[in-house]
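An overview of the molecular structure
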Amino acid sequence: MENTENNFQPEENLNFQSRLDLGPLNEGVEKIKKELETVIVGQHKMIDQLLVAILSNGHILIEGVPGVAKTITAKILAKTLSVDFSRIQFTPDLMPSDILGTSVYDLKKSEFEFKKGPIFSNLILIDEINRAPAKTQAALFEVMEERQITIDGNTYELEKPFIVLATQNPIEQEGTYRLPEAQLDRFLFKINIDYPKLDEEILIIQREHTLQNHGKLDHIKPILSGAEIKKYQDIVKQIIVEPNLLEYIAKLVVNTRENAFLYLGASPRASIAILNAAKGFAAIRGRDFVTPEDIKEAAIPVLQHRVIVTPEREMEGITSIQIINQIIETIEIPR
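Report on the accompanying structure. (Residues numbered from 1 in each chain as written. Predicted model: local features only at pLDDT ≥ 70, side-chain atom pairs only at ≥ 80, totals over all residues. Heavy atoms only, no water.)

**Focus: the overall build of the chain**
- Across its full length, the chain carries 14 helices and 13 strands.
- In terms of overall dimensions, the chain has a C-alpha envelope of 95 × 55 × 55 Å along the principal axes.
- A burial count over the chain gives 47% of its 335 residues as buried.
- Taking the intrachain contacts of the chain between residues at least 6 apart in sequence as the baseline, contacts between residues at least 24 apart amount to 78%.
- With the model as given, the accessible surface of the chain reaches about 18100 Å², and the carbon-plus-sulfur share is 51%.
- Counting 37 positive and 49 negative side-chain charges, the chain places the averaged centre of each group 3 Å from the other. (Helix = DSSP H or I, 4+ residues; strand = E, 2+ residues; numbered from the N terminus. Buried < 20%, exposed > 50% of the residue type's maximum accessible area, 1.4 Å probe, protein only. Contact = heavy atoms within 4.5 Å. Areas by Shrake-Rupley, 256 points an atom, 1.4 Å probe, with all protein chains shown as cover. Lys, Arg positive; Asp, Glu negative; His and termini not counted. Charge placed at Lys NZ, Arg CZ, Asp CG, Glu CD.)

Now the structure itself:
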């Protein structure tokens, strides 16, 4: 009889996949969540999506009716991060130079000097982004995609991390402009904020009453530095994704292009966005590998603003979210 003991390999000789140390990342995420939840009532999914977008180095578009804490959420998030923060209020008369900066002639040096605009920061809150016309929106194309600005033939690199967090109101039409599809495609996530439930509304009122003369942001503490954010972004990129899950992502996106209910499907940029976001969801859940559930959780915030429903289906009240959910249900989940 063959001696099976001779065929035994000690565990230390086996070639196991190295595991990522997600401990500090998860600890930082939990601390930020606690800080946000001292002011923001409910909206747990939104908070997760915000954190995933930052870890995935993606821009965020927050949409909701006035008064649902879009701007305050962005400001609190900025306070939990020790990075440069700037806020730009978009208006119909805003010019590209008001955002990017402009060249000013220096009389002493007899030469033009570039004065940087508010976009030169780490976390930029653009409030009511759909209030600026197309010319101003176009100024964001290069900076959002390539994290650089080209002015007067000179290219200026932006310091990392660089994340744009924009808000818009879906209801009000007067004085607003529809964002170009090319610009929407540059947002990793579109996050919808709904009205709070009754118990949440009561808690909001109670907290406001308790504050008295204190500000909502007074007690918010910085949690992560810019260097830590960059480090965690690099760790998230190393999250393991099996080949069958890469194929699953591709099938989801390709299906949007072949769906009869959609006039415009998602681009390959959407596939990459789902991949990066799924890694982010895995990381905040404490896993160094992506599951189909991570991909499904990423699909709607990544795809909903990248596809266009056909006019006929839109008139019937069918939304992009409903169609994306149908696509998710029809594609077989990898095992």
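**Observations regarding the packing of helix 10 (residues 243-258) against helix 12 (residues 292-303)**
- For the pair helix 10 and helix 12, the least separation of the axes is 11 Å and the interaxial angle reads 30 degrees. It follows that helix 10 is roughly parallel to helix 12 by the angle criterion. Between helix 10 and helix 12 the crossing geometry is right-handed. For the pair formed by helix 10 and helix 12, the contact residues are Leu 245, Tyr 248, Ile 249, Leu 252, Val 253 and Thr 256 on the first element and Pro 292, Ile 295, Lys 296 and Leu 303 on the second.
- In the contact of helix 10 with helix 12, the residues fall into 8 nonpolar, 1 polar and 1 charged. (Axes fitted to C-alpha atoms, helices over the stretch in contact; angles between N-to-C directions. Parallel < 35°, antiparallel > 145°, perpendicular 65-115°, else oblique. Left-handed = near helix turned anticlockwise from the far one by under 90°. Nonpolar A, V, L, I, M, F, W, Y, C, P; charged D, E, K, R; others polar.)

**Some points on the sheet that holds strand 10 (residues 187-192)**
- Here we have 5 strands laid out as an open sheet, ordered 3-6-9-1-10, and parallel in their pairing. Pairing within the sheet leaves two strands with one partner each, and these edge strands are strand 3 (85-89) and strand 10. In this sheet, adjacent strand axes meet at a mean angle of 15 degrees when their direction is disregarded.
- Direction of pairing for strand 1 (residues 59-63) relative to strand 9 (residues 163-168): parallel, over a ladder of 4 bridges. Note on strand 9: the bridge partner recorded for Glu 63 is Gln 168. (Pairing = 2+ DSSP bridges.)

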